[in-house]
Amino acid sequence: MVGTNPETSDGSSLSPTVDDPDLDNWEMFDESTEKFLLSTDDDALTLIDLLGFLDEVKVPDSLRKRTKAWGNRLQAEQKKMAKKFNSAKDRLKEIRNGLRRRGNEVTRKLEEHSTRTARRIITGDSNKRVRDYVKEPPVVRMIDCVSFTLGVILLVSAEFMTLRFPHFFWIFYVITAWAMIITRCILWWGGIFKYFLFDFCYFVNAVCSLVVLFFPNNTVLNQVCFVWANGPVVLAMVTWRNSLVFHSLEKVTTLYIHATPSILTLCIRWYSKGPSPMCEGGDEGACSLSLWNWWVMSFSGYLLWQVLQLMLTEVLGGEEIQKKGLQTSCRWISTHPRMPVHFLSLKLARSLGIMGKDEKFNYKTWKTKIIFVTFQAGYTFFTMLPCKVLFESFWAHLVYLFILYVYCVWNGARYYIHIFAERYTLQFIAKDDNIKVVEPPPAVIPNPDSTCKGT
């Protein structure tokens, strides 16, 4: 800086003194040179530039030597500081990693402690998993009793709301449907059926809920929901053989997810308090399902879901699915030959020459995946066909839903009769042979076709 007299480590001055033998040569510096050497602006040249400059101009030898010595010492100190800085940086990184390890260890211990505490509260044993506990016969019986009771209450409540307060059914729908969907998410998220939660039926329920909550007067969205709910979703009850089995939480949830969107759209279309939001301008006399909403908007929304689902199962979650052996709609259908969807799609692919006569589905190949995606798109297209008539005819809509619900009740009746018939047979055999037979606990017989897969 100006006004200072820099010194070397031995106390000698870097600037010329009266006794300097080269003092006469100092006068060779002009004003611009002195300004350059003493500049402290931010744009000033570096020390390296200065040393190079001293080599090019004629300066006293003593000043050149002292300046270079000063520069070398500064460079040495700079290297020492850089070394210390890197060492400190490495040390801080080690401390950070150590704290992170300790934090992860504490978190793991807390999670383990909370898990063991929850297990002890629920099962009475901190080492017994809740998932294993609920499979024990006494617990299964209790869950079946609770499910049966809630199933009957839910059915009666839905009937009451539909007949007495149809214009408020949307509130009942949002509360009950999402209570069951959230329950299913809790039960399925840690299992192999995790990715079934992203099937089309859940997507439709989510869209219907958003529409009635935030866009209740949007005609386009209401008509799209009508097509989805009364087309591919409600007909999935037949495709996947849904049954009304009150004691099975899985079957009741699956049936409810498929059935209630159609009841919701029935109430909005025919029992709205005031002009129906499904009619353009609220004009009931000229209310019709437009071709644009019926096909373009509805099918485009379906294609959007299909693209998102493929990205989720094949890109984002593909590694997890393969590593953990998780199930997807394609994988489930392709490995269950007795399912109608498997049989029909395989027969159609063979008849068109897409697959060989003895060739079977392989869920790992893109050929199988493309076949199922195409088949489901065709299924969605054909199930949307009756929606025009259903939208414009109350009786057609009512009879249509009645037949589908009777079908599910019939499946439930067959389910109960087959179970109890076996028990009755065992009792009759025991009486004839004077053998004491303990009545078996009610078994939870899973029906792989009853869950919402591929819809």
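Residues numbered from 1 in each chain as written. Predicted model: local features only at pLDDT ≥ 70, side-chain atom pairs only at ≥ 80, totals over all residues. Heavy atoms only, no water.

> Would you mind going over the overall build of the protein chain in detail, with residue names and values included?
On a plain count of helices and strands, the protein chain comes out with 17 helices and zero strands. For the protein chain, the proportion of its 455 residues judged to be buried stands at 37%. Within the protein chain, residue pairs in contact and separated by at least 24 positions form 69% of the contacts whose partners lie at least 6 positions apart. Within the structure as shown, the protein chain displays about 27,800 Å² of accessible surface, and the carbon and sulfur contribution to it stands at 64%. (Helix = DSSP H or I, 4+ residues; strand = E, 2+ residues; numbered from the N terminus. Buried < 20%, exposed > 50% of the residue type's maximum accessible area, 1.4 Å probe, protein only. Contact = heavy atoms within 4.5 Å. Areas by Shrake-Rupley, 256 points an atom, 1.4 Å probe, with all protein chains shown as cover.)

> Could you give an account of the confidence of the model for the protein chain, naming the residues involved and the relevant values?
Predicted coordinates in regions of low pLDDT should not be interpreted in detail. Mean pLDDT over the protein chain: 81, with 78% of residues reaching 70 or higher. When mean pLDDT is compared element by element in the protein chain, helix α8 (residues 200–214) scores highest at 96, while helix α1 (residues 23–26) scores lowest at 44. Low pLDDT (under 50) marks residues 1–30, which in the prediction has 35 contacts with non-local residues, meaning those over four places away or in another chain. (pLDDT = per-residue confidence, 0-100.)

> Tell me about helix α10 (residues 249–270), and please be specific about residues and values.
In a regular helix each residue adds 1.5 Å, so 22 residues correspond to 32 Å; α10 covers 31 Å between its end C-alpha atoms and thus fits that length. Of all bends in α10, the biggest is about 30°, found at Ala259, and the proline Pro261 comes one to four residues later. Judged by how many residues are buried, α10 sits mostly within the fold: 19 of 22 residues are covered. (Expected span 1.5 Å × (residues − 1). Bend = angle between axes of the 7 residues up to and from the residue.)

> Outline unusual backbone geometry, listing residues and values.
With a phi close to 55°, Arg241 is a non-glycine residue in the positive phi region. Inspection of the secondary structure puts Arg241 in the loop between α9 (219–239) and α10.

> Quick rundown of the side chain of His247? Include the residues and the values.
Relative to the helices and strands, His247 resides in the loop between α9 and α10. Judged by relative accessible area, which is 12%, His247 ranks as buried. Within polar-contact distance, the side chain of His247 engages the side chain of Tyr416 at 3.1 Å. (Polar contact = N/O pair within 3.5 Å; in protein donor to acceptor, adjacent residues only side chain to side chain.)

> Kindly report on the packing of α9 against α10, identifying the contributing residues and their values.
Contact geometry for α9 and α10: axes closest at 8 Å, N-to-C directions at 145°. α10 is crossed by α9, and the crossing has left-handed handedness. Contact with α9, carried on its side by Asn222, Cys225, Phe226, Ala229, Asn230, Val233, Val234, Ala236 and Met237, involves Leu255, Ile257, His258, Ala259, Pro261, Ser262, Thr265, Ile268 and Arg269 of α10 and no other residues of that element. Residue classes in the contact of α9 with α10 are distributed as 12 nonpolar, five polar and one charged. (Axes fitted to C-alpha atoms, helices over the stretch in contact; angles between N-to-C directions. Left-handed = near helix turned anticlockwise from the far one by under 90°. Nonpolar A, V, L, I, M, F, W, Y, C, P; charged D, E, K, R; others polar.)

> So what about the packing of α9 against helix α11 (residues 291–316)? Which residues, and what values?
Where α9 meets α11, the axes come as close as 9 Å, and the angle between the chain directions of the two elements is 75°. In terms of their interaxial angle, α9 and α11 are classed as roughly perpendicular. Along its contact with α9, which presents Val220, Gln223, Val224, Val227 and Trp228, the element α11 presents Asn293, Trp294, Met297, Ser298, Gly301 and Tyr302. Residue composition of the contact of α9 with α11, grouped by class: seven nonpolar, four polar and no charged. (Parallel < 35°, antiparallel > 145°, perpendicular 65-115°, else oblique.)

> Give a detailed account of the state of the cysteines, specifying residues and quantitative values.
By definition, a disulfide links the sulfur atoms of two cysteines through a covalent bond. Scanning the model with the defined rule gives one disulfide in all. There is a disulfide in this structure between Cys279 and Cys287, and the S-S distance comes to 2.0 Å. Judged by the sign of its S-S torsion, about -90°, the cystine formed by Cys279 and Cys287 is left-handed. There is no split in this pair, since Cys279 and Cys287 are both buried. Just so you know, Cys225 is unpaired, no disulfide at all, and the nearest cysteine sulfur is the one on Cys208, 3.8 Å from it. (Disulfide = S-S within 2.5 Å.)

> Tell me about the environment of Trp305, and please be specific about residues and values.
Note on placement: Trp305 falls in helix α11. Sequence separation of Trp305 and Val204 is 101 residues, and the distance between their C-alpha atoms is 9.5 Å.

> Before we move on, can you summarise α8 with the specific residues and values?
The terminal C-alpha atoms of α8, which comprises 15 residues, lie 21 Å apart, in line with the 21 Å expected from a rise of 1.5 Å per residue. Within α8, the full set of buried residues consists of Phe200, Cys201, Tyr202, Val204, Asn205, Val207, Cys208, Ser209, Val211 and Val212. On its buried face, α8 is in contact with α7 (169–188), α9, α10 and α11.

> How would you explain a positive patch on the surface if you had to name every residue and give the values?
A cluster of basic residues, Lys89, Lys93, Arg96 and Arg100, forms a positive patch on the protein surface. Along the chain, the position of Arg100 falls in helix α4 (residues 61–123). (Patch = residues over 30% accessible without salt bridge, like charges linked within 9 Å, V, L, I, M, F, W, Y side chains within 5 Å. Salt bridge = Lys/Arg side-chain N within 4 Å of Asp/Glu carboxyl O. Lys, Arg positive; Asp, Glu negative; His and termini not counted. Charge placed at Lys NZ, Arg CZ, Asp CG, Glu CD.)

> So what's going on with the pattern of salt bridges? Residues and values would help.
On inspection of all chains with the given rule, the structure shows eight salt bridges. In this structure, Glu105 and Arg108 form a salt bridge, with 2.5 Å as the shortest nitrogen-oxygen distance. With Glu105 and Arg108 both in helix α4, this residue pair falls three residues apart, about one helical turn. On the basis of relative accessibility, which here comes to 32%, the residue Glu105 falls in the partly exposed class. The residue Glu359 makes a salt bridge to Lys367 at a minimum N-O spacing of 3.2 Å. What makes Glu359 partly exposed here is its relative accessible area of 30%. Here the salt bridges do not stand alone but share partners, grouping Glu105, Arg108 and Glu112 into one network.

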